[in-house]
Amino acid sequence: MNKSALPSLSAIRAFEAAARLGSFTRAAEELDMTQAAVSYQIKRLEQRLGLVLFQRLPRKVALTRDGERLAPAVLDAFQALRSAFARSRERSQSELAITALPTVGANWLVPRLGGFQLAHPQLAVRLDTSVPLIDLAQGEFDVSLRNGGGQWPGMQTHYLLPGLFAPLCSPALLDSGALRTPADLLRLPRIGRERWWRQWLEAAGVALGETPLKPALDLGIEQYEVTAAMAGQGVAITSPLFFRAELASGRLVQPFDLVLRDGRDYWLAYPEVGRASVKIRAFRDWLLEQARQDVQAWEDELARAGKSPPPLLAATQ
């Protein structure tokens, strides 16, 4: 056997508890073992080391000199482990770490997070809005708001919001008269994903044929693209659901009623083990209700304006 290999953890745990408590009986109670099992584990350790670590006295035990030399390092190591696990448990119970895509995080989640914190003041919330998909299995984050088909290995997922897209622009561009029909979009700077532009224009009845649709700007983040559109740099194609405040204030306009739904919707995802977490369950229930209310509010706005909800939106899961 490798002389540098550690003895079994069970034997080390039994020695640490007995050394700290000065009793095999109390060590057994703490470790939820029988006294005989503790005695057996320590005997195995002594045989492994070739040392006698405890004096067996009537109704008590005492460390031998060899035991006294070994005990401080073992006790310190276990105290460090206890502290590490305590810090992890404290973080697990007192902080909710969220990772989300930039646009859904900044434009949809952030304006609502204050309500969650008011309802759960014991929780500190940390939000990351990175573009790369973060692996929740690494343990740095508890939950994720991501888009896709909703099936990720090892993840529990809940549908949140539809992935929608429609052209949006500044009111000044619309007032200029340069954008009266969907076909006018072919002559204007287009901002955003080429795939979405082609799908939307075809659905709007614009004959494209072999017309190249390379956008003037593709910034990769819808929030940035809408900022460019509000600055008059062109027409962005994105989800009007994420920019309801800008549309309501008049800083942004939707020139055409047609809204399409992408095949990639938005989901709340977290590791399967998170199903038992009180904080994750609380966030899940709150977030799903926020999403439901938001979709309902948008449908109500459309109804008040005399418009029918987009069929794909009405069919959300």
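The rules we used
Position numbers for residues start from 1 in each chain and track the written sequence from start to end. Selection of residues for local features in this predicted model requires a pLDDT of at least 70, selection of side-chain atom pairs for listing and counting requires 80 or more, and totals for whole chains, interfaces and linings are taken over all residues. Derived side-chain values reflect all non-hydrogen atoms in the structure, with water molecules and hydrogen atoms excluded from consideration. A helix here means a DSSP run of H or I that spans at least four residues, while a strand means a run of E at least two residues long, and both kinds are numbered starting from the N terminus. We compute the radius of gyration over the C-alpha atoms and compare it with the globule rule, which gives 2.2 Å times the number of residues raised to the power 0.38. A 1.4 Å probe rolled over the protein chains alone gives each residue an accessible area, and that area as a share of the maximum for its type sets the label: buried under 20%, exposed over 50%, partly exposed in between. Calculation of accessible area relied on Shrake-Rupley with a 1.4 Å probe; when residues are assessed, cover is drawn exclusively from the protein chains displayed. Think of it this way: Lys and Arg go in the positive column, Asp and Glu in the negative one, and His and the chain ends go nowhere. Taken as the charge location is NZ of Lys, CZ of Arg, CG of Asp or CD of Glu. By definition in these notes, contact holds between two residues if any of their heavy atoms fall within 4.5 Å. Between any two strands, at least two bridges found by DSSP are needed for them to pair. Orientation is described by lines fitted to C-alpha atoms, with helices fitted over the stretch in contact, and by angles between N-to-C directions that extend from 0 to 180 degrees. Any Lys or Arg side-chain nitrogen found within 4 Å of a carboxyl oxygen on Asp or Glu counts as a salt bridge. By convention a nonpolar core is built from buried Ala, Val, Leu, Ile, Met, Phe, Trp, Tyr and Cys residues, the set being connected through side-chain atoms within 4.5 Å. Expected helix span is given by 1.5 Å per residue-to-residue step, counting one fewer step than there are residues.

Visitor: In this structure, what is going on with the overall build of the chain? I would like to understand it.
Guide: Of the regular secondary structure elements, the chain holds 11 helices and 11 strands. Scaling as 2.2 N^0.38, a compact globule of 317 residues should have a C-alpha radius of gyration of about 20 Å, whereas the chain reaches 31 Å, well beyond that. Expressed as a percentage of its 317 residues, the buried residues of the chain come to 44%. For the chain, the computed accessible surface area is about 16900 Å², with 53% contributed by carbon and sulfur atoms. With 37 positive and 33 negative side-chain charges, the chain shows a separation of 9 Å between the mean positions of the two kinds.

Visitor: Can you walk me through the side chain of Arg112 in this structure?
Guide: You can see Arg112 is positioned in helix α5 (residues 102-119). In this structure Arg112 touches Trp286, Gln290 and Asp294, once residues within four positions along its chain are discounted.

Visitor: Explain the sheet that holds strand β7 (residues 164-168) to me, please; I cannot follow it from the model alone.
Guide: Adjacent strands of a sheet pair through backbone hydrogen bonds, lying either parallel or antiparallel. Here we have four strands laid out as an open sheet, ordered β8-β9-β7-β10, and mixed in their pairing. Either end of the sheet is taken by a strand with one partner, and the two such strands are β8 (190-191) and β10 (260-261). Alignment of β7 against strand β9 (residues 235-238), held across three bridges, turns out to be antiparallel. Its bridge partner being in β9, Ala166 is matched across the sheet by Thr238. Sitting on the sheet, helix α8 (residues 222-230) touches β7, β8 and β9, and the angle it makes with β9 is about 150°.

Visitor: I keep staring at the pattern of salt bridges and nothing clicks. Help me out?
Guide: Pairing is possible between side chains that carry opposite charge, provided their charged atoms lie close to one another. One pass over the structure, following the stated rule, counts 18 salt bridges. Across the pair Asp184 and Arg187 runs a salt bridge whose closest N-O atoms are separated by 2.2 Å. Owing to a relative accessible area of 9%, Asp184 belongs among the buried residues under this scheme. For Arg187, a relative accessible area of 62% gives the class exposed. Salt-bridge contacts for Arg275 lead to Glu272; the nearest nitrogen and oxygen are separated by 3.3 Å. Assessed through its relative accessible area of 49%, Arg275 is described here as partly exposed. Shared partners join several salt bridges into a network, and the residues in it are Glu16, Arg20, Glu30 and Arg82.

Visitor: Looking at this structure, how should I read the nonpolar core?
Guide: When a protein is soluble and globular, its nonpolar side chains tend to lie buried together. Trp108, Leu109, Leu145, Leu161, Trp200, Phe283 and Leu287 are the most contacted members of the largest nonpolar core, which has 55 residues in total. Residues contacting Leu145, with those up to four places away along its chain left out, are Ile98, Thr99, Ala100, Leu101, Val104, Trp108, Leu109, Leu160, Trp267, Leu268, Phe283 and Leu287. By size, the runner-up hydrophobic cluster in this structure holds 20 residues, among which are Ala17, Leu45, Phe54 and Phe78.

Visitor: Help me understand the environment of Ser83, please; the structure alone is not making it clear to me.
Guide: By secondary structure assignment, the location of Ser83 is in helix α4 (residues 65-94). Residue classification places Ser83 among the partly exposed positions, given a relative accessible area of 29%. Along the backbone, Ser83 and Leu173 are 90 residues apart, and their C-alpha atoms lie at a distance of 61 Å.

Visitor: Any chance you could explain helix α10 (residues 278-304) here in plain terms?
Guide: An α-helix turns once per 3.6 residues; consequently, residues spaced three or four apart project the same way. The terminal C-alpha atoms of α10 lie 39 Å apart, and with 27 residues this matches the ideal 39 Å at 1.5 Å per residue to within 8%. Following α10 by one or two positions, Gly306 has its phi on the positive side, about 80°.

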